[in-house]
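Descriptive structure summary
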Amino acid sequence: IGARWLAHRFQRGEMSVRRVAVVAVADDAGLERIAHRLAMRGIEVVSLTAISPARIGRSGFLGAARTAVGNVRQALAVRKLDGVYLFLSWRERRHIDELKAALAPLPVPVFLFADREIERLLSRGREQVGDLVGFELQRAPLSRLDRATKRLLDIAVASTALVVLSPLMALTALAILVETGRPVFFRQSRKGFGARPFAILKFRSMTVQENGAQITQATKNDVRVTRLGRVLRRTSIDELPQLFNVLAGDMSIVGPRPHAVAHDDHYDGLIGSYAFRQHVKPGITGWAQVNGWRGETREVDQMKSRVEHDIWYINNWSLWLDVKIIAMTALKILFDEQAY
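Residues numbered from 1 in each chain as written. Predicted model: local features only at pLDDT ≥ 70, side-chain atom pairs only at ≥ 80, totals over all residues. Heavy atoms only, no water.

Because side chains alternate across strand 7 (residues 185-191), one face comprises the buried residues Phe186, Gln188 and Arg190, and the other comprises Phe185, Arg187, Ser189 and Lys191, none of which is buried. The antiparallel pairing of strand 7 with strand 8 (residues 197-203) creates a hairpin that spans 5 residues between the two strands, and Gly194 there sits at a positive phi of about 65°. (Buried < 20%, exposed > 50% of the residue type's maximum accessible area, 1.4 Å probe, protein only. Helix = DSSP H or I, 4+ residues; strand = E, 2+ residues; numbered from the N terminus. Pairing = 2+ DSSP bridges.)

Right, let's get into the nonpolar core. In terms of nonpolar packing, the biggest core is built from 35 residues, with Phe203, Leu243, Ile253, Tyr313 and Ile325 touching the most fellow members. Taken together, the elements giving at least two residues each to this core come down to helix 6 (144-180), strand 8, helix 8 (242-248), strand 9 (252-254), helix 10 (287-290), helix 11 (300-315) and helix 12 (319-335). When residues in this core are grouped by element, the largest group, 6 residues, is from helix 6. The contacts of Ile253, once residues within four sequence positions are left out, are Asp154, Val157, Ala158, Leu243, Val246, Gly283, Ile284, Thr285 and Ile326. Ala68, Leu81, Leu86 and Leu88 belong to the second largest nonpolar core, which has 20 residues in total. (Core = buried A, V, L, I, M, F, W, Y, C linked by side-chain atoms within 4.5 Å. Contact = heavy atoms within 4.5 Å.)

Moving on, we get to the layout of surface pockets. Space inside the second largest pocket adds up to approximately 690 Å³. Around the second largest pocket, the lining is made up of 23 residues, and of these Ile34, Phe87, Ala114, Asp115 and Arg116 lie nearest the centre. Looking at the lining of the second largest pocket, the elements that each hand over two or more residues are helix 2 (28-39), strand 3 (83-87) and helix 5 (116-122). (1 Å grid on protein atoms, 1.4 Å probe; cavity = no way out; pocket = protein on both sides within 12 Å on 5 of 7 lines; lining within 4 Å. Points joined across faces, edges and corners; volume = space filled by probe spheres on them.)

Packing of helix 6 against helix 7 (residues 227-235) leaves a shortest axis separation of 10 Å and a crossing angle of 155°. In terms of orientation, helix 6 and helix 7 fall into the roughly antiparallel class. On the side of helix 6, the interface is formed by Thr172, Ala175, Ile176 and Glu179, while helix 7 contributes Arg227, Leu228 and Leu232. The residue inventory of the contact of helix 6 with helix 7, partitioned by class, reads 4 nonpolar, 1 polar and 2 charged. (Axes fitted to C-alpha atoms, helices over the stretch in contact; angles between N-to-C directions. Parallel < 35°, antiparallel > 145°, perpendicular 65-115°, else oblique. Nonpolar A, V, L, I, M, F, W, Y, C, P; charged D, E, K, R; others polar.)

Throughout the structure, instances matching the rule amount to 6 aromatic pairs. For the ring pair Tyr85 and Phe113, a centre distance of 4.6 Å and an interplane angle of 55° mean the geometry is tilted. Taken together, the residues Tyr85 in strand 3 and Phe113 in strand 4 (residues 110-113) connect sequence positions 28 residues apart. Relative accessible area serves as the criterion here: at 30%, Phe113 is assigned to the partly exposed category. Taking 6.2 Å as the distance between ring centres and 25° as the angle between the ring planes, the aromatic pair formed by Tyr267 and Tyr274 counts as stacked. Neither Tyr267 nor Tyr274 differs from the other in exposure class; each is buried. (Phe/Tyr/Trp six-rings, centres within 6.5 Å; stacked < 30°, edge-to-face > 60°.)

Next comes the structure, spelled out in structure tokens:
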């Protein structure tokens with residue numbers, strides 16, 4: 001209650017914990033965002049000088065910097081200032097130095113705030129080696145605790161699903177035998193965690209069992225898909241045997257979808273970040289699939305979008321994200337037009 005009361009007073013400008021002068025290289029939307037974020041933390045902006053981004057790289061910046069310093073001087077003459085806040089891109093090293101030199105005579109601390117790019121970097125993990133400090137650019141594969149937590153979820157979900165869905169799986173196997181005979185299961189080589197190969201299991205839904213150097217993706221109204229297979233693929237029932245892959249430890253419930261080895265080799269040469277998908281175990285469902293990137297990928301850009309979603313998942317993994325994706329998958333099965 002106290003925090004909400006303070007935030008309300010801060011936002012209305014009725015209270016503040018410090019007074020500052022702000023110099024920002026930003027457009028109107030950027031200024032509004034800066035002012036809002038400061039107000040929410042009880043920072044009163046006594047002086048605000050905006051420098052148009054259009055003046056960056058021109059000789060006019062030095063004149064704008066002098067104007068900003070003049071405004072800070074005027075504010076300092078009227079009220080006590082707790083600091084000067086600078087908001088500009090860290091790439092503009094020369095402009096930062098010019099502002100720093102111009103503000104040097106003033107008896108107030110000067111703070112340079114991170115731009116969006118640096119802000120994202122600073123929010124990552126850090127490594128300190130003596131007096132050396134490094135920031136994480138790429139998240140490593142999940143920690144031991146993360147892997148243990150994810151594995152427990154996989155075992156719990158896969159075991160429960162196999163018990164609950166065993167009658168459906170038995171009926172599906174029987175229907176395949178009646179329609180097209182053996183084999184009931186389709187096995188195909190895929191690459192798992194660290195590119196380690198494993199055999200993925202599916203209910204057979206096609207008349208072919210490709211598993212070589214060239215594999216043709218299933219397309220809409222593909223003649224190779226059996227009548228029963230269309231139903232199995234549309235409802236994702238053909239994927240249920242992968243629950244055994246999860247229990248065996250080759251797959252997770254949630255993760256990047258594994259592709260045929262031939263497709264891995266093909267796209268690995270076209271998309272630089274493709275192999276990054278193998279930093280975690282592949283999944284029965286994934287962040288890309290629940291966001292619409294499922295099924296056939298005719299264009300390289302389609303696969304790039306899928307890979308981008310997979311990498312985002314790896315970099316932002318949490319137990320609750322897995323639970324969210326599982327719930328989204330349950331809904332997606334009923335309304336996904338890309339399943340064929």
